[in-house]
Amino acid sequence: MKTRTLGKDLVVSEIGLGCMGLSFSFPPFPSKEEAITFLRAAYQKGVTFFDTAEIYGPFVNEEIVGEALKPFRDKVIIATKFGFKYEGDKVVGLDSSEANIRRAIEGSLKRLQTNYIDLFYQHRVDPNVPIETVAKVIKQLMAEGKVRHWGLSEASAKTIRKAHSICPVTALQSEYSMFWREPEQEIIPTLEELRIGFVPFSPLGKGFLTGTVKPGQLFGEGDYRNTIPRFNTPEYFKANMKLVDYVKELAIKKQSTPAAIAIAWILAQKPWFVPIPGTKKISRLEENLSAIKVEFTEKELIEIKKHLDTIKIVGHRYSDFAEKQIDK
């Protein structure tokens, strides 16, 4: 596995691992022992960039990641996130106040069994706390040695600029794939200008681009795709299958799989893009990592873009509640 650099100097494996599904949003979940074995296998296969968050559980995911990666802590990059407030284990809203950020960092350090966080993201922009205030708090945490790099998630270009002017941002994490290309309009040009790395989550469109999700499919209880219009509205699902069919065609041409094609396409966009597909199965992990073997010529990339531009994707990517938390 080759490496890529986020921001000025955060070196990570060119494909990371989104750990959310080990304890959140995509049941059934593996046991803690199974999850730890899986994460260690991912490391053995070359993955050195692991993405978690306190909200994934809440709190359980960080405990799993911390225990799994403890034997090789100095050889991996752990990213986690702050920005929500809780009543017990229940999320009750956004909160990026200094007090809540400090609560979050201490909790994350303890659960991850470490004395520093490699990459600390604001999970969602808090409209009640100026991003400049958040950046100043992060700057203090860096001075204290608790945070080495920081990032934003699902932030607007305007917010990114404000944050970066106070404390240089290493990476932005946002959804990006053949299924969701909106970041190409404003976000990616901004990141390129400011030399901020890009960490696309849901590079497989929450499983849609793998070709394994079928029209009319029923997801299990607790699977958050049940709340997403793109998945729970039959007419939207049917219309968007045009994209899946096209990705399957590309996979046949490249003697690969739809999942590998979707991830390889992201890798081919910019050398500072580091996708973090999530999975719980070794077979899927291996399939995702096989994307590094898929190469596209410049001509192929131009043709793919032209074709993608002709496919109209319909339906919101989040529930109405979650859409309201996105920084515009």
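Conventions used here
Sequence order as written defines residue numbering, which begins from 1 separately in each chain. Reporting of local features is limited, given that this is a predicted model, to residues whose pLDDT is at least 70; pairs of side-chain atoms are given and counted only at 80 or more, and all residues count toward the totals for whole chains, interfaces and linings. Hydrogen atoms and water are omitted, and side-chain values are computed over all heavy atoms in the structure. The helix count covers DSSP runs of H or I at least four residues long, the strand count covers runs of E at least two residues long, and both are numbered beginning at the N terminus. Burial classification: accessible surface area is computed with a 1.4 Å probe over protein chains only, and a residue below 20% of its type maximum counts as buried, one above 50% as exposed, and the rest as partly exposed. Whether two residues are in contact is decided by their heavy atoms, any of which lying within 4.5 Å being enough. Remark: nonpolar core denotes a set of buried residues (Ala, Val, Leu, Ile, Met, Phe, Trp, Tyr, Cys) joined through side-chain atoms within 4.5 Å. The pairing criterion for strands is at least two bridges between them, as found by DSSP. Throughout this description, the term salt bridge denotes a Lys or Arg side-chain nitrogen within 4 Å of a carboxyl oxygen of Asp or Glu. Contacts described as polar in this section are N or O atom pairs within 3.5 Å, which, within protein, must combine one atom able to donate a hydrogen with one able to accept it, while residues neighboring in sequence count only if both atoms come from side chains. In this scheme Phe, Tyr and Trp rings, the latter by its six-membered ring, pair at centre separations within 6.5 Å, and the angle between planes marks the pair as stacked below 30 degrees, edge-to-face above 60, and tilted otherwise. What a helix is expected to span follows from its residue count: subtract one and scale by 1.5 Å. The reported arc concerns the directions from the helix axis to the C-beta atoms and nothing else. Think of each axis as a best-fit line through the C-alpha atoms, taken over the contacting stretch in the case of a helix, with angles from 0 to 180 degrees between the N-to-C directions. Here the word oblique covers every angle except those under 35 degrees (roughly parallel), over 145 (roughly antiparallel) and from 65 to 115 (roughly perpendicular). Handedness of a helix crossing follows the sense of rotation of the near helix relative to the far helix, less than a right angle counterclockwise being left-handed and clockwise being right-handed. Under the scheme applied, nonpolar residues are Ala, Val, Leu, Ile, Met, Phe, Trp, Tyr, Cys and Pro; charged residues are Asp, Glu, Lys and Arg; polar residues are all the others, including Gly.

1. Here's the deal with the side chain of Glu-62
On the secondary structure map, Glu-62 appears in helix α2 (residues 60-69). Overall, Glu-62 belongs to the buried group, its relative accessible area being 0%. With residues near it in sequence (within four places) discarded, Glu-62 still touches Thr-52, Ala-53, Glu-54, Thr-80, Ser-108, Arg-111 and Leu-112.

2. What to know about the nonpolar core
By size, the foremost hydrophobic cluster in this structure holds 89 residues, and its most contacted members are Leu-39, Phe-50, Phe-120 and Met-178. Among the elements that make up this core, the one with the highest residue count is helix α9 (residues 258-269) (nine residues). With sequence-adjacent residues up to four places away left out, Met-178 is seen in contact with Leu-209, Leu-243, Val-247, Leu-250, Ile-261, Trp-265, Ile-304 and Leu-308. Residues Ile-77, Leu-119, Ile-276 and Tyr-318 belong to the second largest nonpolar core, which totals 16 residues.

3. What to know about the environment of Lys-162
On the secondary structure map, Lys-162 appears in helix α5 (residues 157-166). Each C-alpha atom of the pair Lys-162 and Arg-102 lies 21 Å from the other, and the pair is 60 residues apart in sequence. Beyond its immediate stretch of four places on either side in the chain, Lys-162 contacts Ile-131 and Glu-132.

4. A closer look at the pairing of strand β11 (residues 197-201)
Burial analysis of β11 places five of its five residues in the buried class, which makes it a mostly covered element. Here β11 shows two buried faces, one formed by Gly-197, Val-199 and Phe-201 and the other by Phe-198 and Pro-200. Relative to β11, strand β10 (residues 171-175) runs parallel, the two sharing five bridges. Paired with Gln-173 across the strands is Val-199, a residue of β11.

5. Some points on the pairing of strand β7 (residues 90-94)
Strand direction decides the pairing type here: strand β6 (residues 84-87) and β7, joined by four bridges, are antiparallel. Paired with Tyr-86 across the two strands is Val-91, which belongs to β7. Hairpin connection from β6 to β7: two residues lie between these consecutive antiparallel strands, with Gly-88 at a positive phi of about 70 degrees.

6. Quick notes on the pattern of salt bridges
Tallied over the entire structure, the rule returns 23 salt bridges. Among the salt bridges present, the one from Glu-175 reaches Lys-206, with a minimum N-O distance of 3.0 Å. Here Glu-175 is found in strand β10, whereas its partner Lys-206 is found in the loop between β11 and α7 (229-232), with 31 residues between them in sequence. Exposure remark for Lys-206: the relative accessible area of 7% places this residue in the buried category. The salt bridge involving Asp-223 is made with Arg-225; its shortest N-O contact spans 2.8 Å. The same class applies to Asp-223 and to Arg-225, which are both buried. Look at the salt bridges and you will find they share partners, linking Glu-98, Arg-102, Glu-106, Glu-144 and Lys-146 into a network.

7. Focus: the side chain of Glu-154
Within the secondary structure layout, Glu-154 lies in the loop between β9 (147-153) and α5. A polar contact of 2.9 Å, which involves the side chain of Glu-154, links it to the side chain of Arg-317. Setting aside residues no more than four positions away along its own chain, Glu-154 makes contact with Arg-124, Leu-172, Gln-173, Ser-174, Glu-175, Phe-201, Arg-317, Tyr-318, Ile-326 and Asp-327.

8. Looking at the packing of aromatic side chains
Summed over the entire model, instances satisfying the criterion amount to 15 aromatic pairs. Between Trp-272 and Phe-273, the ring centres sit 4.9 Å apart and the planes meet at 80 degrees, which makes this aromatic pair edge-to-face. By relative accessible area, Trp-272 is classed as buried at 15%. Classification of Phe-273 as buried rests on a relative accessible area of 1%.

9. Considerations on helix α4 (residues 131-143)
With 13 residues, α4 extends 18 Å from end C-alpha to end C-alpha; this agrees with the ideal 18 Å at 1.5 Å per step. All buried positions along α4 are accounted for by Ile-131, Val-134, Ala-135, Val-137, Ile-138 and Leu-141. Angular distribution of buried residues about the axis of α4 spans 160 degrees; they occupy a single face of the element. Residues of α4 that are buried in the fold lie against β5 (77-82), α3 (98-111), β8 (117-122), β9 and α5. In the stretch just after α4, Gly-145 is the one whose phi turns positive, near 80 degrees.

10. Section: the packing of α9 against helix α11 (residues 298-310)
Contact pair α9 / α11: the axes reach a minimum separation of 12 Å and the direction vectors enclose 115 degrees. When the axis of α9 is compared with that of α11, the two are roughly perpendicular. Handedness of the crossing formed by α9 with α11: left-handed. Contact residues: Trp-265, Ala-268 and Gln-269 in α9; Leu-301, Ile-304 and Leu-308 in α11. Residues of the contact of α9 with α11, tallied by class, amount to five nonpolar, one polar and no charged.

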